[in-house]
Amino acid sequence: MLDGIFASLYTTSVTAPAFLAVCLLSVGLGYGIALTYRKISGEGGTMFSALTVLPFLVQLVILLVNGNLGAGVAVAGAFSLVRFRSAPGSARDITVIFLSMTVGLCCGMGYWAPAVLAALVTCGLLLLQKKPQTDPCERELRVTIPENLDYNDLFSDLFAGYTASCKLLRVKTVNMGSLYSLHYLVRLKDPAGEKELLDAMRCRNGNLEISCGLPAEYKQGEIL
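Residues numbered from 1 in each chain as written. Predicted model: local features only at pLDDT ≥ 70, side-chain atom pairs only at ≥ 80, totals over all residues. Heavy atoms only, no water.

Participant: For the nonpolar core, give the residues involved together with the corresponding values.
Facilitator: Counting 21 residues, the largest nonpolar core has Ile 33, Leu 51, Val 96, Val 103 and Ala 115 as its most contacted members. At the level of elements, α2 (16-41), α3 (45-65), α5 (91-108) and α6 (112-128) are the ones that each hand at least two residues to this core. When sequence neighbours within four positions are dropped, the list of residues in contact with Val 96 reads Ile 33, Tyr 37, Met 47, Leu 51 and Leu 126. Core analysis: the next-biggest nonpolar cluster, separate from the first, contains 13 residues, Leu 154, Leu 158, Leu 182 and Leu 188 among them. (Core = buried A, V, L, I, M, F, W, Y, C linked by side-chain atoms within 4.5 Å. Buried < 20%, exposed > 50% of the residue type's maximum accessible area, 1.4 Å probe, protein only. Helix = DSSP H or I, 4+ residues; strand = E, 2+ residues; numbered from the N terminus. Contact = heavy atoms within 4.5 Å.)

Participant: Which residues make up the pattern of salt bridges, and what are the values?
Facilitator: Taken as a whole and judged by the stated rule, the model has five salt bridges. In this structure, Arg 142 engages Glu 140 in a salt bridge whose closest nitrogen and oxygen atoms are separated by 3.3 Å. Since its relative accessible area comes to 30%, Arg 142 is described here as partly exposed. Among the salt bridges present, the one from Arg 204 reaches Asp 157, with a minimum N-O distance of 2.6 Å. On the criterion of sequence distance, the pair formed by Arg 204 in helix α8 (residues 194-204) and Asp 157 in helix α7 (residues 156-162) is long-range, its members being 47 residues apart. (Salt bridge = Lys/Arg side-chain N within 4 Å of Asp/Glu carboxyl O.)

Participant: How would you summarise the sheet that holds strand β4 (residues 210-213) if you had to cite specific residues and measurements?
Facilitator: Spatially, β2-β3-β1-β4 is the arrangement adopted by the four strands of the open sheet, whose pairing is antiparallel. Edge positions in the sheet fall to β2 (163-174) and β4, since each of these pairs with one other strand and no more. Taking each pair of neighbouring strands and ignoring which way they run, the sheet shows an average axis angle of 15°. Pairing of strand β1 (residues 138-146) with strand β3 (residues 179-188) involves nine bridges; the strand directions are antiparallel. (Pairing = 2+ DSSP bridges. Axes fitted to C-alpha atoms, helices over the stretch in contact; angles between N-to-C directions.)

Participant: Now, about a nonpolar patch on the surface: what can you tell me, with residues and values included?
Facilitator: A cluster of nonpolar side chains, namely Leu 117, Val 121, Leu 125 and Leu 128, defines an oily patch on the protein surface of about 410 Å² accessible area. By the secondary structure assignment, Leu 128 is in helix α6. On the accessibility criterion, Leu 128 (73% relative accessible area) is exposed. (Patch = residues over 30% accessible without salt bridge, like charges linked within 9 Å, V, L, I, M, F, W, Y side chains within 5 Å. Areas by Shrake-Rupley, 256 points an atom, 1.4 Å probe, with all protein chains shown as cover.)

See below:
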């Protein structure tokens, strides 16, 4: 029974019912991959559209070049041009694009079961590894101070009063070494007290630049 499931729908020739079934499957799996990408990244737009149609297009290409060496070489050259004209993406983007191409390859050869299996397993793992939503009380805080101030205890009492936790991620010099730029990750006790905290910090850093916003992705103290 398993041998029949993993067998190709294209046996001796490509029939119209089998071709239509595989086309619908590739479009459906592409749409599912695009929905998964939007769920884990919160982004849509052109990437969502590309992931939806990519399996279908790859399926048609594989079907056309099947057994034709010359056409296969030409298609490989075209794909290499697309690669060099593409903007570099994250590991997540590369994964979903490769998944879409894998599904298209499987569908183009008539192997519907491996296509479904690859899509379900990969999308399931991506959803399980999805980063939890940012805590609404967390803030990424960047403060500029003069070089003559000791930043170690400069805001300790303010952080103790307004934040539940505070972590200094990075310190760097700016403006030819005359200023320090401090990068904190804090969790506010009450988001309503954010302005009071910033006003109090402005009084201590000489009213130099302070920025406060939602935290970016970071790992082990290194901002990505």
